[in-house]
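# Fold and geometry: a report
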Amino acid sequence: MRSGDIQVLDGGNASRLLHSVDAFVFDCDGVIWKGNELIDGVSDTLHLLRSQGKKLVFVTNNSTKSRTQYASKFLSLGISVSQDEIFSSSFAAAMYLKSVQYPPDKKVYVVGGEGILEELHLAGFTAFGGPEDAHKTIQLKENPFFHHDNDVGAVVVGLDPYINFYKLQYATLCIRENPGCLFVATNRDAVGHMTNLQEWPGAGCMVAAVCGSTQKEPIVVGKPSTFMMDFLLKKFRIDTSRMCMVGDRLDTDILFGQSAGCKTLLVLSGVTTLSILQDSANNILPDYYTDKVSDLLQLLGP
Ligand code: PLP
Ligand code: CA
């Protein structure tokens, strides 16, 4: 890290940051919560920002839930967030298919969780796979011929704790044999906090499995791809120079904010440590960094 390129958040620059932005885009895991636990002071900080008239948006690469399920998760943690303020990679997958005018008579095969299926159904698509294929097996010794649906025009891959050989074969045949079949990945995170105490394999490994069998690269709709940012900018008509992206990962969140021209604030409450940030091999530098979101409250509060 080149010294002087980034600033630790203090009373002076926190106040300048607050005055120079109209909207804060928050990453969720590692910033708002860790697994199922709220990070200390988040609720009061969001309250302060709302009371100052700031627009708040929440973006997560975790595709396992739909926006409705995320709104319930926020509420269970004592934070009221409207569904319209939430952008999950499950929603992004559905919005991506809408944006390319995916024909409604074509079907979508899902290697992933309920969140992706729910968002695809809400957007009017016929989607199947996911949890309903969790226990399907293939008896290879019976020398079966595996049938797949020729009307599948897109395969969406996200975090799937029940990934199996059946799902991989289904996805592979659709992508390899159905002409023009799209291969969409919700995100490529290597690991995720499925629980509070540990990291678990992330969607990146399921996506890699399908890349391996198809020798194709997916369209990625989650961070750091600009798809979600472009979508939320269009929706809220916010000027990116007056937005601040707050995240705990350099290669997803901070890159996501920087690519759009936002100010960026790295919090050290998630996966990035000070030594990762300061490593000479790291070239993704946020404008500011601080320990946790609630430092904003402490620095700006009365
Ligand atoms: N994917 C999965 C499965 C996760 O569990 C997580 C974090 O817990 C993520 C992605 C990253 O989520 P976020 O973008 O909110 O940090
Ligand atoms: Ca995160």
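Residues numbered from 1 in each chain as written. Chains lettered and ligands numbered in written order. Predicted model: local features only at pLDDT ≥ 70, side-chain atom pairs only at ≥ 80, totals over all residues. Heavy atoms only, no water.

Take the packing of helix α3 (residues 67-76) against helix α5 (residues 114-122) next. For the pair α3 and α5, interaxial distance at closest approach is 9 Å and the crossing angle is 125 degrees. The pairing of α3 with α5 is recorded here as oblique in orientation. The segment α3 lies against α5, with Arg 67, Thr 68 and Gln 69 engaging Gly 115, Glu 118, Glu 119 and Leu 122. (Axes fitted to C-alpha atoms, helices over the stretch in contact; angles between N-to-C directions. Helix = DSSP H or I, 4+ residues; strand = E, 2+ residues; numbered from the N terminus. Parallel < 35°, antiparallel > 145°, perpendicular 65-115°, else oblique. Contact = heavy atoms within 4.5 Å.)

By definition, the strands of a sheet pair up through backbone hydrogen bonds, in either a parallel or an antiparallel sense. Strand order across the open sheet formed by five strands is β8-β7-β9-β10-β13, with parallel pairing between neighbours. Strands with a single pairing partner mark the edges of an open sheet, and in this sheet they are β8 (126-129) and β13 (219-220). Against the sheet, α5 touches β7 (107-111), β8 and β9 (152-157), its axis set at about 160 degrees to β8. Here helix α7 (residues 203-214) sits on the sheet in contact with β9 and β10 (182-185), set at roughly 155 degrees to β10. (Pairing = 2+ DSSP bridges.)

A few words now on the confidence of the model for the protein. Do not read the fine detail of predicted coordinates wherever pLDDT is low. When pLDDT is averaged across the protein, the result is 95; 99% of the residues are at 70 or more. Model confidence for the complex is summarised by a pTM of 0.95, with the ipTM given as 0.98. (pLDDT = per-residue confidence, 0-100.)

What follows deals with the pairing of β10. In regular strands, side chains alternate between the two faces of the sheet. Across four bridges, β9 lies against β10 in parallel orientation. Residue pairing in the sheet places Val 157 in a bridge with Ala 185 of β10. As for the winding sense of the linkage, the β-α-β connection from β9 through helix α6 (residues 165-177) to β10 is right-handed. Bridge count for β10 against β13 is two bridges, and the pairing is parallel. Looking at the pairing, Val 184 lines up with Ile 219 of β13. (Right-handed = clockwise from strand over helix to strand, strands pointing away.)

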